[in-house]
Amino acid sequence: MLYIKCPWCGWRDESEFGYGGEAHIKRPEDPDALSDAEWADYLFMRTNPRGSHRERWVHTAGCRRWFNAIRDTQTYEFKAFYKMGEEPPGGEQ
Amino acid sequence: MSQPHRLQTGGRIDRDRPLRFTFNGRTLQGYAGDTLASALLANGEHLVGRSFKLHRPRGIMGAGAECPNSIVQVGSGNATLPNLRATQTELYDGMEVRSVNCWPSVKFDLSAVNQLFAPLMPAGFYYKTFMWPKSFWHNIYEPRIRKAAGFGKAPDGPDPDRYDKHNAHCDLLVVGAGPAGLAAALEAGRRGARVILCDEQNELGGSLLASRAFLDGEPAMSWVDRVVGELAAMDEVTLLPRTTAFGHYHHGFVSLLERVTDHLGPTSPDERPRQRQWRVRARQVVLATGAIERPLVFSNNDRPGIMPASAVSTYINRYSVTPGTRAVVFTNNDSAYQTALDLADHGVEVAALIDVRPEIEGVLADRVRKEEIDVLPGMAVVDTTGGQRVSGVRVMRLNTRGDSVYGEGRTIECDLVATSGGWNPVIHLHSHPGGGMCYDHDIASFVPDQPVANTLNAGACSGNFSLDGCITEGFSAGATAAAASGFGSDDIEGEAPATARVREAPMRPLWRVPTRRTVTRSPKQFVDVQNDQTSADIFLAAREGYASIEHIKRYTAMGFGTDQGKLGNINGAGIAAEALGEDIAAIGTTTFRPAYTPVTIGALAGRDFGPERFHAVRKTAMHVWHEQQGALFENVGDWKRPWYYPQAGETMRQSLDREVRATRQSLGVLDASTLGKIDVRGPDAAEFLNRVYTNGWKKLEVGRCRYGIMLGEDGMVMDDGVSARLAEDHYHMTTTTGGAARVLAWLEEWLQTEWPELRVYLTSTTDQWAAISLAGPNSRKVVEQICEGIDFSGEAFPFMTWRAGKAAGIPARVFRISFSGELGFEINVPANYGQHVWDAVWEAGQPYGITPYGTETMHILRAEKGFIIAGQDTDGSVNPMDLGMHGLLSKYKDYLGRRSLSRSDAVREDREQFVGLVTVDDPAEIIPEGAQLTDDPNANQAPKPVPLAGYVTSSYYSATLGHSIALAMVKRGRERMDEIVHAPQADGRVIKCRITSPVFYDPKGERQNV
Amino acid sequence: MSESIRQESPLVERNTRARHQASPANAGITVRPRPFLACINLRGDPSDGAFTDAVRGVTGIDLPTTPNTVADGDQWRALWLCPDEWYLVGAPGAENDAVDTLEQALAGQHFAVNDVTSGMTTLEISGPRTRDVLAKGCTLDLHPRMFGPGQCAQTLISHAGVVIRYVDDQPTLELMVRRSFADYLWVWLEDAALEYGMAATE
Ligand SMILES: [Zn+2]
């Protein structure tokens, strides 16, 4: 059971949150300009890193805000939490 | 009811409180403070069960969580508890205990004949023998093995006991209340930190409960009593005896199991739950879990009466029980010398102290020799004799390399063997969240290495076995953890009690006593006694090419038992190192995973079971009325929705036919409150709806309603509903009942993450509005009668519009919409007035025979009209073209999922399409929902797999039409009107179906437009 | 409204009945339903002075902008729900006028006002075992050091979403719950309180 820091509400139990998968995937500006393969890449393909992973969470049972986190997929350690629209801290790629 | 092995004085039992219990039908007596194991030993009962595979006699071995043997069944009926460890089961008056894994009795066990075939059942035996022929496994091998093996019996009926969960937070969780844990809790507690101290035993004190050590010149338990007293008086300290920390997860989350009333027995009137699962979120965790003594491994080392030396000391010192009358002590280190002294001091003859070390020096050795105990240095026990109890040991000389025994053997008679092969730190909880460990040559075992965040190890579990060292480490860990939580500095404030430090001589690591013949040809040397796994099995695994300890574990089943190999695993790693010719430090241990000791499923479920609490139960404002009308309910999401309203003597079909006819012919009323409702407001509301729905919303006039479908970005239909424009910048959106929360989350995700520039607020108003849906030709007459301020004429209030007014005096929004194809109105009022307005509708509807209908009739009515239900007729793989909804796909804007609709797969011509079906042979036959469709009339006889043409999504009897109808997805279905498909049934029948339009009734939609 | 108009609380059947009734004197918890409290869901931008001024003009309250805090006024109380969302809670019956005046005061701005008086209901829980009972289904840290005067929080109690508000150090805590979950929550509380005793009062 992870402990997650909502940028607004503070530390809360994982059971209050929903997981939104990889963060910073921008919806293409002009979907029609994309080939089927490029559109499929946006739809389905995700990184699966061993180590730092930028991911989206939503505080479902609390303030209902979406936010981003950087989590180490090996140790489960959260390295950062940041609000939607903010740049990932520490120059994490 | 004598207790022949009970000492006259001493121990932590209450001789004024005798307790009666039965063991395999015989009545015995123990005392308050006993475990079941100590009470059995007091009565001379060593033999408690049979081993898992070979059915060898097995006795009580340990004195705590590590005991692999003392598995018993306690209690009877549905409250019976299988597979309890007698060593951790507190005795209560009237306890009924039975042995497991033996038949007909523990002393005469027919399966013991397995021992004769033991040479045929080596490691991997199950894998190799029973895999062929495959079909034999389920029908023959497995049931027989289960019958012969199998431990306790689970009850058949529901568990009558109560379980609970408790979420807790603390600055510091201390696991283990021995000397280190008590010191850590004291140091942090005095600083005002919130501390939880848990320990699996019934009393706090850990190893000190069975110790004869002195602290500050007094027996150690005096110090324990003072510390516990001080802790108990602190407001912010929670003491949890009888509580096992069984799982340590990430971010300071630790699961504890508190045995709240187990020690009171099943007849206790206590209202508390039997067990409570504590889910602790700790800022800091101090693990003070101690160490477990490992036995020495030698031939026939599994006989009852052979125990770890520390267990022998525990039974003597804590429970005042002597587990034998003539003992042999066999050790490779100093700690068992204390056991020899404990035995001698309590009148048990110590026939010999056998030490594998060639030279023995030190204070303890001197004291043992002073007791005139025969100390045999450089010797080892090579074999034992006995049947249901050990009767003697065979001793030989061990060479200096430790790889062979020689010389003239000597036999020593005894009924108790106390062995010590060193101590293993309990690193399980450190290991659970991924903490690393390394081999420590001084103690010949594994100690914590890589730290776990915010977690400290203190005392014996970190490899520090001296009493003064444990206490000092405890204070230090308490200070560090408290400081990290903001309470004081790292400097220790508390004062450690004075204790005499005993200098111990180095141990001599020995993983198994060498044998005269090869390992496989020697009498069995048990490593994991619960699973009958031997050193020969490990050698066999190595010979067969297994090199990783994880693979050897799985091949030999080492550590697979309910004890998880607490006694045997490190010995197993050492023997594997020998077999592979490698260093044990390189071999490592297997991974420790939760649970530390077994946890009953009930404690994990807590109170989250049964119809009231397994999930949330949501009710509408008119729920009580539905109940009073005799409605049966259907779960839709968490909601309870009326399913249908049977009248006296009606079958379900009769009820549905009546509800359908009444609605089509006059007036039906449905509680539609459960539909999701979202208030969408802001200058960009229309633009927002344009992006999330496939059709256009900007031109919808205020006062009008529109049906819309939402797609996922993959182009598949996600949800649908009718939304109304309340004002230029304001919409009232509805969703399906089950999809409400998902849709709101989906919309918020897009607004917050992708389109923050859109000025739109979404507010869930599902619970605010009670929705009363009237359908049927007479519905207008009723709304006209109960509403004020609305002109209900067809011209003033056309289909797919809404009006504000009052219903039965309550401000209302009335929507002229229809999911039945009939003239219909949906009245929305604040839910606190829902029943009031419903009552008014009911009264006004009486002249028209108003009939309440439930979800099943609603499904029939909409199926007659070919309306989909998202989630029933769609399954996440259906796009709008499949449904024939081309007209809802705007060509003038982008919307979520649009690009996916032109992917090659979406425009494939052989996709399944939404059609209707009617049965050909028997017009009334209802095709089962989910039935597969084929073009082959003889599909049941055809070679498999049969090519499929589609499947049925919805199927009903239509009283309106007088025959059954179904909705289905059929490949190229729209091109196949009037063609025949077949629905083969499990019973061999094939239902012949004709493909039709999905709209069965009033295809021009005239009835809803009147 | 006419005399014959009848409001119903979602706890219509259970208002004063606990299945395992204890007297308030020796009950571990006492549950007091507070039906029909006016409740308005308000959305708007708190950094926009025109918005906060208008709300203050109607309610007399400066909307709280610190997460999970409460602002109390004479007639209204505001609970922070998210950076641009609040509940305004007032006396029963106050909702209709308040919605109308808010709509007028905020006209022309980007905002949302929704009457959710019927959509929510409130339970007050007090007694020595209040925190122990809630801890059975709530992962929030309700220790007085962590959750005190002026604080509120949205969280889960078992499977029901709630807003918990600190009332006093009795301790008394207030739960706001969506109406459809109210009966479930009541049944859950009765069962959770079994070992301590639960009383229900008006
Ligand atoms: Zn939050």
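Each value, and the rule that gives it
- Residues numbered from 1 in each chain as written.
- Chains lettered and ligands numbered in written order.
- Predicted model: local features only at pLDDT ≥ 70, side-chain atom pairs only at ≥ 80, totals over all residues.
- Heavy atoms only, no water.
- Helix = DSSP H or I, 4+ residues; strand = E, 2+ residues; numbered from the N terminus.
- Buried < 20%, exposed > 50% of the residue type's maximum accessible area, 1.4 Å probe, protein only.
- Contact = heavy atoms within 4.5 Å.
- Donors = N, O, S within 2.8 Å, 3.2 Å for Na, K, Ca; no water.
- Tetrahedral: all angles 85-135°; square planar, octahedral: opposite > 155°, others 65-115°.
- Buried area = accessible area lost by both parts, 1.4 Å probe.
- Salt bridge = Lys/Arg side-chain N within 4 Å of Asp/Glu carboxyl O.
- Polar contact = N/O pair within 3.5 Å; in protein donor to acceptor, adjacent residues only side chain to side chain.
- Nonpolar A, V, L, I, M, F, W, Y, C, P; charged D, E, K, R; others polar.
- Pairing = 2+ DSSP bridges.
- Axes fitted to C-alpha atoms, helices over the stretch in contact; angles between N-to-C directions.
- Disulfide = S-S within 2.5 Å.
- Left-handed = near helix turned anticlockwise from the far one by under 90°.
- Arc of directions from axis to C-beta.
- Phe/Tyr/Trp six-rings, centres within 6.5 Å; stacked < 30°, edge-to-face > 60°.

Enquirer: In this structure, what is going on with the overall build of chain B? I would like to understand it.
Expert: Secondary structure summary: chain B contains 23 helices and 50 strands in total. C-alpha atoms of chain B, sized along the principal axes, occupy 115 × 70 × 55 Å. When the 1010 residues of chain B are sorted by exposure, 61% land in the buried category. In chain B, of all internal contacts separated by at least 6 residues, the share reaching a separation of at least 24 is 66%.

Enquirer: Help me understand the coordination of the zinc ion in this model?
Expert: Residues and elements named next belong to chain A. The coordination sphere of the zinc ion, as far as protein atoms go, consists of C6 (SG), C9 (SG), H59 (ND1) and C63 (SG), spread over 2.0 to 2.4 Å. Around the zinc ion sit four donor atoms; with metal-centred angles ranging over 103 to 120 degrees, the donor geometry is tetrahedral. In primary sequence terms, the donor set of the zinc ion follows C-x2-C-x49-H-x3-C. Separated by 54 residues along the polypeptide, C9 in the loop between β1 (3-6) and β2 (10-13) and C63 in the loop between β4 (52-58) and β5 (66-72) bring together distant segments of the chain. Of the two residues examined, C9 and C63, each falls in the buried class.

Enquirer: Even after reading the chapter, I still don't get helix α11 (residues 535-543) of chain B, so can you show me in this structure?
Expert: Owing to its 3.6 residues per turn, the α-helix aligns residues three or four sequence positions apart on the same side. Residues and elements named next belong to chain B. Taken across its nine residues, α11 has eight buried, putting it largely inside the fold. In this structure, the buried side of α11 is in contact with β29 (526-528), β30 (533-534), α12 (549-556) and α13 (569-580). In the stretch just after α11, G545 is the one whose phi turns positive, near 105 degrees.

Enquirer: Just to check I follow, could you spell out the interface of chain B and chain C for this structure?
Expert: Where the parts come together, the accessible area they lose is often given as the size of the interface. Taken together, the contacts link 56 residues of chain B with 52 residues of chain C. Of the roughly 4700 Å² buried between chain B and chain C, counting both surfaces, carbon and sulfur atoms make up 45%. The largest per-residue losses of area from chain B upon contact with chain C belong to R681, Y761 and N832 of chain B, which jointly make up 18% of the total buried on that side. For K619 of chain B, the salt bridge identified is with D183 of chain C, shortest N-O distance 2.7 Å. Counting the contacts that link chain B with chain C gives 34 residue pairs in polar contact (both at pLDDT 80 or more).

Enquirer: Even after reading the chapter, I still don't get the interface of chain C and chain A, so can you show me in this structure?
Expert: With 15 residues of chain C at the contact, the number on the chain A side is 11 residues. Counting each side, the surface lost to burial between chain C and chain A is near 980 Å², with a carbon and sulfur contribution of 50%. Where chain C meets chain A, there are one salt bridge. E85 of chain C is the partner of R64 of chain A in a salt bridge, and the nearest nitrogen-oxygen pair spans 3.0 Å. Put simply, the parts of the chain that give the side of chain C that touches chain A at least two residues each are β4 (77-82) and β8 (152-157) of chain C. By residue class, the composition of the side of chain C that touches chain A is eight nonpolar, four polar and three charged.

Enquirer: Would you mind showing me how to read the pattern of salt bridges here?
Expert: Two side chains carrying opposite charge are able to pair once their charged atoms lie near each other. Evaluated as defined, the whole model comprises 83 salt bridges over all chains. We note a salt bridge from R12 of chain A to E16 of chain A, for which the minimum N-O separation is 2.8 Å. Like E16 of chain A, R12 of chain A is buried. Here E748 of chain B and R64 of chain A are joined by a salt bridge, their closest N and O atoms 3.4 Å apart. You can see E748 of chain B sitting in helix α20 (residues 740-754) and its partner R64 of chain A sitting in the loop between β4 and β5, one on each of two chains. What makes E748 of chain B buried here is its relative accessible area of 5%. Through salt bridges with shared partners, a single network forms among R162, D164, E258, R276, R607 and R613 of chain B together with K136, D191 and E195 of chain C.

Enquirer: How should the sheet that holds strand β38 (residues 761-764) of chain B be read in this particular structure?
Expert: Adjacent strands of a sheet pair through backbone hydrogen bonds, lying either parallel or antiparallel. Residues and elements named next belong to chain B. Here we have five strands laid out as an open sheet, ordered β35-β36-β37-β34-β38, and antiparallel in their pairing. The open sheet is flanked by β35 (705-711) and β38, the only strands paired with a single partner. Averaged over all neighbouring strand pairs, the angle between strand axes comes to 30 degrees, with direction disregarded. Here strand β34 (residues 676-681) pairs with β38 via four bridges, running antiparallel. Along β38, the bridge assignment pairs I678 with S764.

Enquirer: What is the right way to read the state of the cysteines from this model?
Expert: Disulfide: a covalent bond connecting the sulfur atoms of a pair of cysteines. One pass over the full model with this rule turns up zero disulfides over all chains. Looking at C82 of chain C, it has no disulfide partner, and the nearest cysteine sulfur is the one in C63 of chain A, 6.5 Å off.

Enquirer: Looking at this model, I keep getting lost on the packing of helix α1 (residues 49-59) of chain C against helix α2 (residues 95-106) of chain C. Mind explaining?
Expert: Each pair of packed helices gets described by two things: the angle between the helix axes and the distance between those axes. Residue and element names in this part refer to chain C. Two numbers describe how α1 lies on α2: the axes approach to 9 Å, and their chain directions differ by 145 degrees. Helix-helix and strand crossings are classified by hand; for α1 and α2 the assignment is right-handed. Residues F51, A54, V55 and V58 of α1 form the contact with α2, whose participating residues are A98, T101, L102, A105 and L106. Of the residues assigned to the contact of α1 with α2, the class counts are eight nonpolar, one polar and no charged.

Enquirer: When you look at helix α21 (residues 779-786) of chain B in this model, what are you seeing that I'm missing?
Expert: Residues and elements named next belong to chain B. Buried within α21 we find S779, R780, V782, V783 and I786. Seen end-on, α21 carries its buried residues on one side only, within an arc spanning 160 degrees. Next to the buried residues of α21 lie β39 (769-775), β40 (787-788), β41 (801-807), β42 (810-816), β43 (824-830) and α22 (834-845).

Enquirer: Just to check I follow, could you spell out the packing of aromatic side chains for this structure?
Expert: Aromatic rings considered in pairs are described by the distance between their centres and by the relative angle of their planes. Residue and element names in this part refer to chain A. With the rule as written, the count across this model stands at 28 aromatic pairs over all chains. Pairing W39 with Y42 gives two aromatic rings, centres 4.9 Å apart and planes at 50 degrees, and the pair type is tilted. One end of the pair, W39, and the other, Y42, are both in helix α1 (residues 36-44), three residues apart, so they sit about a helical turn from each other. Judged by its relative accessible area of 0%, W39 is buried. Of the residues examined, Y42 reaches a relative accessible area of 13% and is grouped as buried.

In short, geometric facts, not functional conclusions.
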